[in-house]
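# Commentary on secondary and tertiary structure
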Amino acid sequence: MPPSPQVVVVGSIMQDLTFACAEFPRAGETIMARLAGGQGGKGSNQAIACGRTGMKTVFIGAMGRDGFAGQVTAFYRREKIGCHLVLKAGQSTGTAVILLNREGQNQIVIEPGANAALAPADVPRSLLAKARVVVTQLESNLATTAHVLRVARQAGVTTILNPAPMRTDFGPALLRHVDILIPNESEFVALVRALPGIRRRGFDERALQAMPREALHGLCRQLGVPTLIVTLGRRGCFISERSGHHFIPAHRGMRVVDTTGAGDAFCGGFAAGLVRHKGEVVAAARLGTAVAALSITKPGAAFAMPTRSELQRFLRKTGAA
Ligand code: RIB
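So, a few notes on the structure that sits alongside this text. Note that the coordinates shown come from a computational prediction; the quantities given were computed from them, not determined experimentally.

## Some words on the pattern of salt bridges
This structure, assessed with the given rule, holds 8 salt bridges. The salt bridge involving Asp179 is made with Arg153; its shortest N-O contact spans 2.9 Å. Separated by 26 residues along the polypeptide, Asp179 in the loop between β9 (158–162) and β10 (180–181) and Arg153 in helix α4 (residues 142–154) bring together distant segments of the chain. According to the relative accessible area criterion, Asp179 is buried, its value standing at 18%.

## Remarks on the sheet that holds strand β3 (residues 34–40)
Read across the open sheet, the 4 strands follow the order β3-β2-β6-β7; overall the sheet is mixed. Each having just a single partner strand, β3 and β7 (106–111) make up the two edges of the open sheet. Put simply, the sheet's adjacent strands are angled 20 degrees from each other on average, direction ignored. Note: strand β6 (residues 94–100) against β7, 6 bridges, orientation antiparallel. In the sheet register, Ala96 faces β7, and the bridge partner there is Ile110. Packing against the sheet, helix α2 (residues 67–79) makes contact with β2 (14–20) and β3, and its axis sits at approximately 65 degrees to β3.

## Some words on the site of the ligand
In the neighbourhood of the ligand, the contacting residues comprise Met14, Asp16, Gly40, Gly41, Lys42, Asn45, Ala96, Ile108, Glu139, Gly261, Asp264 and Ala301. For the ligand, an oxygen atom lies 3.0 Å from a polar atom in the side chain of Asn45. At 2.6 Å from an oxygen atom of the ligand is found a side-chain nitrogen or oxygen belonging to Glu139. Those elements that place two or more of their residues in the shell around the ligand are β2 and α1 (42–52). Grouping the constituent residues of the shell around the ligand by class yields 4 nonpolar, 4 polar and 4 charged.

Scoring rules and cut-offs
Each chain carries its own residue numbering, running from 1 in the direction its sequence is written. The model is predicted, so local features are restricted to residues of pLDDT at least 70 and side-chain atom pairs to those at 80 or more, both for listing and for counting; the totals for chains, interfaces and linings are taken over all residues. Think of the side-chain values as coming from all heavy atoms in the structure, minus any hydrogens and water. Definition used for salt bridges: Asp or Glu carboxyl oxygen within 4 Å of a side-chain nitrogen of Lys or Arg. Helix and strand definitions follow DSSP, with helices as H or I runs of at least four residues and strands as E runs of at least two, each counted in order from the N terminus. Buried, partly exposed and exposed residues are distinguished by accessible area as a fraction of the type maximum, computed with a 1.4 Å probe on protein chains only: under 20%, between the cut-offs, and over 50%, respectively. Note on pairing: DSSP must find at least two bridges between two strands before they are called paired. To get an axis, a line is fitted to the C-alpha atoms, and for a helix only the part in contact is used. The angle between two axes follows their N-to-C directions and goes from 0 to 180 degrees. Contact definition: two residues touch when any of their heavy atoms are within 4.5 Å. Definition of nearness: a residue and a molecule or strand are near each other if at least one heavy atom of the residue lies within 4 Å of the molecule or strand. Whenever a nitrogen or oxygen atom comes within 3.5 Å of another N or O atom, the pair is scored as a polar contact, on the condition that within protein one atom can donate a hydrogen and the other can accept it, and that pairs from neighbouring residues in sequence are kept only if both atoms are in side chains. Under the convention adopted here, Pro, Cys and the residues Ala, Val, Leu, Ile, Met, Phe, Trp and Tyr are nonpolar, Asp, Glu, Lys and Arg are charged, and Gly plus all remaining residues are polar.

The values are spatial; any link to function lies outside them.
Dropping the structure here:
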C-alpha cells in the first residue's frame, strides 16, 4: 500500500461475467453468446484507472472469502496500487452479469453480495484523512458511503461522488458532503426528478440533450453541489462550476470494443488529474476524458484501464499532454 495515498477510492468490487452477443436479447428470447470473466465493480475500476495513471491510490472495499479475493489481491500487488480488502464471512463476492453487443454497448445486472456489507468501521479514518481526494459511488453500502463523504469532508479532503448506479433509497442529504458530483445522463435525470426543490416531472435524457448549455448550467446549480460534471457518453462531458460552465468533447475515431467501465475510467482519471493539476477541474476532466477514450478500445472493465505508458503516448499524440 502506498505510504500516503493521494487518492482513496471507497466502493464496490465485483466479479464480472461478460456475455458478448451480436444483439441484446428481446424479452422471452434465448440467444448464444461468448462468456469472459473479469474484474469489475465501479469502485475498484475507478481505483485502477486512477492508479494506472501513476497516481498513488488506495482502494477500500469488501469481498467474500473466496478464491476471487486472492486473484484481486495479487492483481493490485502487481499493479502497485494499494488495496484494503475486508473479507466478509458468509457473504459472496459481488457479481455483475454484463451483456455486450457488437457495438460495444452494455447492459448490466449486479448482485452486490459482500459490497452491501461494507461497514463504516471497515474504512480506516486515517486513510481518508491523509488523502487529497476521496472518491465513492452508490454500489456498496449507502450508510458507509455517507460516512466516508462526511469524514473526508470534515478532514478537508476533496470529495467526489459518482452516483452510480442510481438507487431508489438515495437521499439528497448525501449531497451536502459532496464537492464534485459526476453523474451520467440517466443518473442526472434521476437526480433532477428526485430532488425536492427542483423536482421536474417528465424530464428525460432527450430533454437533457436538447437543453442549451446555459440552461443546463442553471439546472446544475440548483443541485447545490459546488462542481457538477455530467458525462455525456460519446459526446464528452459538461462541467458546471460556481464560476461558469465548460464542455469537453470526447475523443473521436476511437475503435470501440467494449464501453463497460468507461464512466469509471473517466472518474478515476479525473481524480488523478485533480491531484496532478492542483484542483483544476477542466484540466482534470481532460485527463478523465483521455482515460475513458482508451478504456473502450479493450475488452473488460478493470483490465481495460490504460497503463501509464499507453496514456502518455495518447496524450502526446492528441496534443493533450
Ligand atoms: O461500471 C462498470 C461496472 O459496473 C462493471 O465492471 C460491473 O462490475 C458493474 O459494477
